[in-house]
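# Overview (structure and organization)
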Amino acid sequence: MIVYHCEAALHEGNMTKQVSGSPFLKPFFLKTPVRVVTPRQQRRHTLPASEFRNLTPQDAISVFEIEREAFVSVSGECPLTLNEVLNFLGQCPELSLGWFEEGQLVAFIIGSGWHKERLSQEAMTQHVPDTPTVHIHVLSVHRHCRQQGKGSILLWRYLQYLRCMPGLRRALLICEDFLVPFYLKAGFKQKGPSEISVSNMQFQEMEYMLNGQVYARRNSGC
């Protein structure tokens, strides 16, 4: 499906990580200056400043609101309907990743399993379990958080996370021509025009190999 972003360059900033189970789903905290917190502000600041986690069906409404605002104004079509979001988050939540700031969703990726060499129209709505390929359906960033590098950061963390999942070998997606340079910079290779069309829009199919990334794997903590 159309993969959305409107990000410029990857900018990590000063960030620290809290130790937890998965090396790429650790709560991810931004350093903030020490300051006095009033009782009124105290509850608000009990939430992590920034964290990454898998999405759940309970996140579907927030996901769909961000997606609808991002896509309908541009193409008139949402990559995923609300029912499809619920379906994928119910069947394969482990192939999703959300970025939350103080408990609010600001960016997300939703993927599903696929079993063929190239993506077809059926891949738009199906999840095939226990397969070596992830189909990335959508990457979207909240309108108030664009042009801050969040799309690049989230995509990088998602790909590192996928590398740590046993049996996965590659990720596929389709995008419009103007997004090809963004995905090439992220390490994807262009496979050529996609057979998938949405509302007469044409797409390029992109592929990212999850194996063979020796340096990334050595330093990933997998």
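As annotated in an unreviewed UniProt entry, the protein carries the name Serotonin N-acetyltransferase and is attributed to Poecilia reticulata. Check the Sequence similarities (unreviewed entry) section of the UniProt entry for the protein; it says "Belongs to the acetyltransferase family. AANAT subfamily." The record held by UniProt for the protein lists under Subcellular location (unreviewed entry) the comment "Cytoplasm".

According to the stated counting rule, one finds four aromatic pairs in the structure shown. With a centroid separation of 4.7 Å and 40° between ring planes, the pair formed by Phe52 and Trp99 is classed as tilted. Linking Phe52 in strand E3 (residues 51–53) with Trp99 in strand E4 (residues 96–101), this pair joins segments that are 47 residues apart in sequence. The same class applies to Phe52 and to Trp99, which are both buried. Both rings, one in Phe188 and one in Tyr208, keep their centres 5.2 Å apart while their planes meet at 55°; by these two values the pair is tilted. A residue pair is termed long-range when its members are at least 10 positions apart, and Phe188 in the loop between helix H5 (180–185) and strand E8 (189–198) and Tyr208 in strand E9 (residues 201–209) qualify at 20 residues.

Time to look at the sheet that holds E3. The mixed open sheet is built from seven strands, whose spatial order is E3-E4-E5-E6-E7-E9-E8. Sheet topology places E3 and E8 at the edges, where each strand pairs with a single neighbour. Taking the axes of each pair of neighbouring strands and ignoring which way they run, one obtains an average angle of 25° across the sheet. In this sheet, E9 lies alongside strand E7 (residues 170–175) in antiparallel orientation, the contact comprising six bridges. Bridge pairing links Leu172 to Glu207 in E9. Contacts between helix H3 (residues 82–91) and the sheet are confined to E4, strand E5 (104–114) and strand E6 (133–141), with E5 contributing the most and set at about 70° to the helix. Those strands touched by helix H4 (residues 150–163) are E3, E4, E5, E6, E7 and E9, and its axis lies near 135° from that of E4.

Definitions and cut-offs
- Residues numbered from 1 in each chain as written.
- Predicted model: local features only at pLDDT ≥ 70, side-chain atom pairs only at ≥ 80, totals over all residues.
- Heavy atoms only, no water.
- UniProt positions renumbered as here; feature names shortened; annotations may be inferred.
- Phe/Tyr/Trp six-rings, centres within 6.5 Å; stacked < 30°, edge-to-face > 60°.
- Helix = DSSP H or I, 4+ residues; strand = E, 2+ residues; numbered from the N terminus.
- Buried < 20%, exposed > 50% of the residue type's maximum accessible area, 1.4 Å probe, protein only.
- Pairing = 2+ DSSP bridges.
- Axes fitted to C-alpha atoms, helices over the stretch in contact; angles between N-to-C directions.
- Contact = heavy atoms within 4.5 Å.

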